[in-house]
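Topology and contacts: notes
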Amino acid sequence: MFSASEHEPRLYRVVANRIQSLIAEAGLVAGDRLPSERELAARLQVSRASLREAVLALELGGVLEVRGGSGVYLCDEQVEEAIPEVGPGPFEVLSARRLIESEVVAIAARVATDSAIDAIWKAVLEMEKHHHNPASNEQADREFHLSIARATGNSALVGTMEYLWNQRGSLWHRLKEHFQTEELRQQTLGDHRQILQAIVAHDPAEARRAMRAHLERVTRTFSRG
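The structure presented is a predicted model; accordingly, all values stated were derived computationally and were not measured. (Residues numbered from 1 in each chain as written. Predicted model: local features only at pLDDT ≥ 70, side-chain atom pairs only at ≥ 80, totals over all residues. Heavy atoms only, no water.)

**Considering the packing of helix H4 (residues 90-111) against helix H7 (residues 155-166)**
Where we set the bar: Axis geometry follows a simple rule: fit a line to the C-alpha atoms, using only the stretch in contact for helices, then measure angles between N-to-C directions, giving values from 0 to 180 degrees. Starting at the N terminus, helices and strands are each numbered in turn, a helix being any DSSP run of H or I of at least four residues and a strand any DSSP run of E of at least two. Each angle is binned into one of four classes, with values under 35 degrees roughly parallel, values over 145 roughly antiparallel, values of 65 to 115 roughly perpendicular, and all other values oblique. Should the near helix be turned anticlockwise from the far one by less than a right angle, the crossing is left-handed, and should it be turned clockwise, the crossing is right-handed. Note on contacts: a residue pair is in contact if any heavy atoms of the two residues lie within 4.5 Å. For this scheme, ten residues count as nonpolar: Ala, Val, Leu, Ile, Met, Phe, Trp, Tyr, Cys and Pro. Four count as charged, namely Asp, Glu, Lys and Arg, and the remainder, Gly too, count as polar.
Interhelical geometry of H4 versus H7 gives an angle of 150 degrees and a closest axis separation of 11 Å. On the basis of the axis angle, H4 is roughly antiparallel to H7. For the pair H4 and H7, the crossing hand works out as left-handed. The residues of H7 that touch H4, namely those facing Val93, Ala96, Arg97, Ile100, Glu101, Val104 and Ile107, are Leu157, Thr160, Met161, Leu164 and Trp165. When the residues that make up the contact of H4 with H7 are grouped by side-chain class, the tally is nine nonpolar, one polar and two charged.

**Quick notes on the packing of aromatic side chains**
Applicable threshold: Classification of ring pairs rests on two measures: the distance between centres of Phe, Tyr or Trp rings, Trp counted by its six-membered ring, which must be within 6.5 Å, and the angle between planes, read as stacked under 30 degrees, edge-to-face over 60 and tilted in between. We call a charge positioned over a ring when the NZ of a Lys or the CZ of an Arg lies within 6 Å of the ring centre and within 35 degrees of the ring normal.
Under the counting rule described, the total for this entry stands at one aromatic pair. Here Trp172 and Phe222 contribute two aromatic rings whose centre-to-centre distance is 5.4 Å and whose plane-to-plane angle is 75 degrees, an arrangement assigned as edge-to-face. With Trp172 in helix H8 (residues 170-179) and Phe222 in helix H10 (residues 204-224), the pair connects residues that are 50 residues apart, well separated along the chain. Above the ring of Tyr73, the side-chain terminus of Arg67 is found at 3.8 Å from the ring centroid. The ring of Trp165 has Arg168 sitting right over it, with the charged end atom 3.8 Å from the ring centre.

**Some remarks on unusual backbone geometry**
Heads up, the rule is: Each residue is assigned to one of three classes by its accessible area relative to the maximum for its type, calculated with a 1.4 Å probe on protein chains only: buried under 20%, partly exposed between the two thresholds, exposed over 50%.
For Gln45, which is not glycine, the phi dihedral falls at a positive 55 degrees. With respect to the secondary-structure elements, Gln45 resides in the loop between helix H2 (37-44) and helix H3 (48-60). Judged by relative accessible area, which is 71%, Gln45 ranks as exposed. One non-glycine residue, His202, lies in positive phi territory at about 55 degrees.

**Structural notes on the nonpolar core**
Note the cut-off: By nonpolar core is meant a set of buried Ala, Val, Leu, Ile, Met, Phe, Trp, Tyr and Cys residues that side-chain atoms within 4.5 Å join together.
Ile19, Leu51, Leu64, Ile148 and Ile199 are the most contacted members of the largest nonpolar core, which totals 58 residues. If we ignore the near neighbours within four places in the chain, the residues touching Ile148 are Val104, Val105, Ala108, Ile120, Ile195, Ile199 and Met211.

**Things to note about the pairing of strand S2 (residues 71-74)**
In plain terms, the rule: For two strands to pair, DSSP has to find at least two bridges joining them.
The pairing of strand S1 (residues 64-67) with S2 spans four bridges and is antiparallel. Residue pairing across strands places Leu64 opposite Leu74, the latter belonging to S2. Where S1 hands over to S2, the hairpin turn is made up of three residues, of which Gly69 adopts a positive phi near 75 degrees.

**Observations regarding the pattern of salt bridges**
Keep this limit in mind: Think of a salt bridge as a Lys or Arg side-chain nitrogen and an Asp or Glu carboxyl oxygen that are within 4 Å of each other.
Scanning the model with the defined rule gives 13 salt bridges in all. Linking Glu37 and Arg52 is a salt bridge whose minimum nitrogen-to-oxygen distance equals 2.6 Å. Here the residue Glu37 occupies a position in helix H2, and Arg52 occupies one in helix H3, the gap between them amounting to 15 residues. Residue classification places Glu37 among the partly exposed positions, given a relative accessible area of 23%. Given the relative accessible area of 5%, Arg52 is considered buried. Because the salt bridges share partners, they merge into one network encompassing Glu37, Arg48 and Arg52.

Right under this line is the structure:
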């Protein structure tokens, strides 16, 4: 069992601890199916987003197995060191990005030069070109958001966005693996085009709205599945 860090508690680790306690109390053994996500969230009195992060952390640690369309199952017993510390949870990062990146894009919409806009447009084209190549698409997605930060002309904001992007660690990628869909990829492209159009029009309010709507939609998709 584990506890959250004293200096930087991670809610998903606290919830994961509680899931393991529930497993022990229920006497579940390897191969047993856990209660549904909805039932677990109600029993533990946590949001489904927090529960989902905790389950994914336990999956990364080899404690649980998530089977699409079937449920969550208990794997062979693992020692506590097998559960990795994977940094901020995906929903923590998305929350920070909604707050910060919405303002970054508003600044970019006010001050972006033609060359900065060209760089953002190039990233959108790269995402479209590599739509079915996850690694290349991810790189183009990163370049899109960082190009917007660079368009502000503020290196501190660029550094902040690089930090936030780099927090997309193992939990984020496992979440994306389980819940990313073709529909979400298409919606992301559409969102990015709307954000770009607002920057081209030098419309800070619309750019802010479009970025916030984009990140809120991603959050809803990953929290509801």
